[in-house]
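Residue-level structural notes
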Amino acid sequence: MTEIYGWSGVVLRVDMTKGTIRKERLDPEVARKFIGGRGLNSKVLFDEIDSKIDPLSSSNVLCFAVGPLTSTWIPQTSRMMVSTLSPYTGILGDGNAGGRFPGYLKHAGYDQIIVTGRSESPKYLWIDNDVVKLKDASHLWGKNVNEAVMLLEKKNGRDIATACIGKGGENLVRWATAIFDRVSSATRGAGAVMGSKNLKAIAVRGTKPVKVRDKAKMYEIGQADRKWFSKDKWIHDIVGELGSPCVMKDSPHGAHHFDKAIGIGDAPFGAEDIKARLEVSRKACYNCVIHCKDWYEVVSGLHTGVRGGGLEVTVVGLGLQTGIQTPEGFAVWKKLLDENGICVQAGIDALALAYFCYQHGIITKKDTDGLKLDWADQEGKFKLTEMIARREGFGNTLAEGFYNFGKLYPEAMKYVYGQKGMMGVGPVASPDNFSMTFVLGSATSTRGGDNLRTGPSLLHILPSHKRWAEKFVKQGIIPDVFTPIAPIVQLGQRVSVLADSISRCKTGLWDYSIAVPLMGKYGHPYRGTAEALSAATGLQYSSDDLIEAADRITSLERAFNVRQGITSTSTHKFCC
Ligand code: SF4
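The rules behind the values
Residues numbered from 1 in each chain as written. Predicted model: local features only at pLDDT ≥ 70, side-chain atom pairs only at ≥ 80, totals over all residues. Pairing = 2+ DSSP bridges. Helix = DSSP H or I, 4+ residues; strand = E, 2+ residues; numbered from the N terminus. Axes fitted to C-alpha atoms, helices over the stretch in contact; angles between N-to-C directions. Contact = placed C-beta atoms within 7 Å. Buried ≥ 20, exposed ≤ 12 C-beta atoms within 10 Å, placed from the backbone. Left-handed = near helix turned anticlockwise from the far one by under 90°. Nonpolar A, V, L, I, M, F, W, Y, C, P; charged D, E, K, R; others polar. Core = buried A, V, L, I, M, F, W, Y, C linked by C-beta atoms within 7 Å.

Points about the sheet that holds strand S6 (residues 112-116)
Overall, mixed pairing links the six strands, which are arranged S2-S1-S6-S3-S4-S5 in an open sheet. Only two strands of the sheet have a single partner each, and these edge strands are strand S2 (20-25) and strand S5 (92-97). Averaged over all pairs of adjacent strands, the angle between strand axes in this sheet comes to 15°, irrespective of strand direction. The strands touched by helix H2 (residues 37-48) are strand S3 (62-65), strand S4 (80-85), S5 and S6; relative to S4, the strand with the most contacts, the crossing angle is about 20°.

Here's the deal with unusual backbone geometry
At His257, a position not held by glycine, the phi torsion is positive, near 55°. Positive phi is not limited to glycine here, since Ser503 has a value of about 70°. Secondary-structure assignment places Ser503 in the loop between helix H20 (486-502) and helix H21 (512-515). Assessed through the 30 C-beta atoms surrounding it within 10 Å, Ser503 is described here as buried.

Re the packing of helix H7 (residues 215-231) against helix H23 (residues 527-537)
One can describe the packing of H7 onto H23 by two numbers: an axis separation of 8 Å at closest approach and a directional angle of 145°. In this structure, the crossing between H7 and H23 has a hand that is left-handed. Along its contact with H7, which presents Lys217, Met218 and Ile221, the element H23 presents Glu531, Ala532, Ala535 and Ala536. A class-by-class count of the residues in the contact of H7 with H23 yields five nonpolar, no polar and two charged.

Quick word on the nonpolar core
Counting residues in each nonpolar core, the largest one holds 164 residues, and the members touching the most others are Ala178, Ala201, Val204 and Leu353. Ranked by the residues each element gives to this core, the list is headed by helix H12 (residues 344-359), at 11 residues.

Section: the sheet that holds strand S16 (residues 293-297)
Where strands meet in a sheet, backbone hydrogen bonds hold them as pairs that are either parallel or antiparallel. A sheet is described by the order of its strands in space; here three strands give the open sequence S15-S16-S17, paired in antiparallel fashion. Two strands bound the open sheet, and with one partner strand each, they are strand S15 (279-283) and strand S17 (307-309). Each neighbouring strand pair of the sheet contributes to a mean axis angle of 15°, computed without reference to strand direction. Note that S16 and S17 share three bridges and pair antiparallel. The residue of S17 that forms the bridge with Glu297 is Arg307.

Observations concerning H23
Burial of H23 is extensive: 10 of the 11 residues sit out of reach of the surface. Among the residues of H23, Gly528, Thr529, Ala530, Glu531, Ala532, Leu533, Ser534, Ala535, Ala536 and Thr537 are the ones counted as buried. Gly538 sits one or two positions beyond H23 and adopts a positive phi of about 85°.

In short, shape yes, function no, at least from these values alone.
Here it is in structure tokens:
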């Protein structure tokens, strides 16, 4: 058998119904064409999912995949894609998670896990390098994420990484998520699919080296990449110190389900406030030099002592839609979401729409089982979040997702903004900074309305990112945003799909320079990635090969969605 480099060369296929685990050889041709992560997963979903199935039935397929650069010298690559037919949107559902888990899975010797079927009783998947077993998880069922992870660590050691569901996933909340290493999550309902399969968790220990073809070249590229990041003032001194909330004050925000617009500079707090009031330490995903994430502790008020991590701008910026206004409020809410294993973004959408409808008289106490939905009542939002995870009362209605909730009330549907079952987010809320690249990118995203499928527009609208935009326009890497918008959206989509497939982080910064190794150094969108992939795998990738691979993956995802009933109308109109 030809030796494989970069990839581990092994796919784990787990049949929950039969309780069997098979180690399959990764098809080298599939690997070359679909690269890894999102590409590998989308290929499996397209090949193996029948369009007529219920996403919460045993027929759904759930995939976890890392990329050929994961756990190599290239930093920011402990990322993985979790993909399935989404019970939340009914189309392709994928989410990108970080932490230690992706790096450890690669060190254990696997590129992808494919989970099918449904177990009769709760199980967890235990991976200890070559040893892979399904184990009883009855004692973990009903536990929140932190409790379950502590029990897993007690039994298996603290040198493991975990992907675990909480009550949200167990109760099949359509937007429940899997929580990686306690605070990182993958969106679009993968947690509900794990729950439907009776898969409480995956725990992995990985200690094997990753083989690359050209060690010297990989080392050279990796070192140059690290040096470039660590000497950049913006990335090292600002993002490394404050995380993604560093853009809080220089971004526009929507609030109260777009009832209010918050202009640049007017956010109720900034990253410095979070740091001063809550931060305990900074942390990074495995093999990352940036440390964009925080560990926090609430030190005053009713919730003193609450500890958690990952107060990213998605939580505290987009979260302003829910009416939560303070760093402490978001710290408590994020902890509740993580403990229950439910998704931040979908949680924002559900709460914001429900409170908006209540405030505008579209729903009343009769619809909310007696709950008064007052924007100013922070504690009420915490309580409702727990009710959602348990599917209690009005929480059960919102557990179906904001779109299904909106469908119950014709008047509410007028305020269900989004594309293909996901809320449109970000600058769309601010006419002052309206960015058509962002809108077009979100509308054509293959997983529904999204702020993470076309990062480039943010380069042009955020003051902090303007220098990148100017530099890259001058270098000819990106076209000017004010010329026709299609080319920049297309470039953004290609960069995003490549980042998700090589498993390079893009969520911390929404920035070309993060998503694609050495873009600034090479003065070209794809050349750095092509060199890194060639050195890792021993195959010769050109920039054109990468463009072709990106378009191949996107086309396959679109074909999958067309099979699920998506039409040109649902793709382009700004509602579901
Ligand atoms: S930049 Fe942040 S999210 Fe990205 S890999 Fe590093 S620590 Fe993780």
